[in-house]
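What follows is the residue order along each chain.
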Amino acid sequence: PGEPVTDPDLTLLSRAGLALRAAGLTVRLNVLADEKNLEVCTQITVTRPGRPGRGEVRIGDDGTFTWECQHPHPAGETVARITELLAGILALAPGPGPALTMEPTAGQSA
């Protein structure tokens, strides 16, 4: 797995993306512009090369993330490994925050 990126001059999104890339995942930077309000936000999209069925994770510049997966229930080991990796990266966020837990939805096994 990738090593944690702890450079205090980098944003949470930068640290997460660099660590995920170092872990062998594909990381794309997305810049979303709101022309009406003249605002910009960024997010990264993370996928596993050669395994698109494992879904994609989008991490926002505020540290929130979503994981979309086409499979009704990925193998429990996969969920545990992804949860561990993302939890470790997001734990680097400055300031207090909620504990990260990941529970399967109805009909899925962990």
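Data block above holds the structure.
Please read all numbers here as calculations on a predicted model, not as lab measurements. (Residues numbered from 1 in each chain as written. Predicted model: local features only at pLDDT ≥ 70, side-chain atom pairs only at ≥ 80, totals over all residues. Heavy atoms only, no water.)

1. With respect to the overall build of the protein
Each helix and strand counted, the protein has 2 helices and 4 strands in total. Counting from the amino terminus, the protein carries its helices and strands in the arrangement α-β-β-β-β-α. Within the protein, the fraction of its 110 residues that count as buried is 25%. In the protein, the share of contacts with a sequence separation of at least 24, taken over all contacts with a separation of at least 6, comes to 32%. Of the roughly 7,400 Å² of accessible surface on the protein, 55% is carried by carbon and sulfur atoms. (Helix = DSSP H or I, 4+ residues; strand = E, 2+ residues; numbered from the N terminus. Buried < 20%, exposed > 50% of the residue type's maximum accessible area, 1.4 Å probe, protein only. Contact = heavy atoms within 4.5 Å. Areas by Shrake-Rupley, 256 points an atom, 1.4 Å probe, with all protein chains shown as cover.)

2. Some details on the sheet that holds strand E2 (residues 39–47)
Read from one edge of the open sheet, 4 strands run E1-E2-E3-E4, paired in antiparallel fashion. Across the chains shown, the open sheet's two edge strands, defined by having one partner strand only, are strand E1 (26–34) and strand E4 (65–68). For this sheet, the mean angle separating the axes of adjacent strands, direction not counted, is 20°. Sheet topology note: the E1/E2 ladder contains 9 bridges and is antiparallel. Paired with aspartate 34 across the two strands is glutamate 39, which belongs to E2. (Pairing = 2+ DSSP bridges. Axes fitted to C-alpha atoms, helices over the stretch in contact; angles between N-to-C directions.)

3. Looking at the environment of glutamate 56
Checked against the element boundaries, glutamate 56 lands in strand E3 (residues 56–60). The exposure class of glutamate 56 is partly exposed, given its relative accessible area of 24%. Sequence-distant contacts of glutamate 56, defined by excluding residues within four places in its chain, comprise Arg28, Thr45, Val46, Thr47, Thr66, Trp67 and Glu68. Polar side-chain contacts of glutamate 56 include one of 2.6 Å to the side chain of arginine 58. (Polar contact = N/O pair within 3.5 Å; in protein donor to acceptor, adjacent residues only side chain to side chain.)

4. Structural notes on the environment of threonine 47
By the element assignment, threonine 47 lies in strand E2. It is 9.7 Å that separates the C-alpha atoms of threonine 47 and arginine 21, two residues lying 26 residues apart in sequence. In contact with threonine 47, other than residues within four places in its own chain, are Leu25, Thr26, Gly55 and Glu56.

5. Describing the pattern of salt bridges
A side chain of one charge can pair with a side chain of the opposite charge if their charged atoms are brought near each other. Counted by the stated rule, this structure contains 2 salt bridges. Among the salt bridges present, the one from arginine 58 reaches glutamate 56, with a minimum N-O distance of 2.6 Å. Members of the salt-bridge network, linked through shared partners, are Glu56, Arg58 and Glu68. (Salt bridge = Lys/Arg side-chain N within 4 Å of Asp/Glu carboxyl O.)

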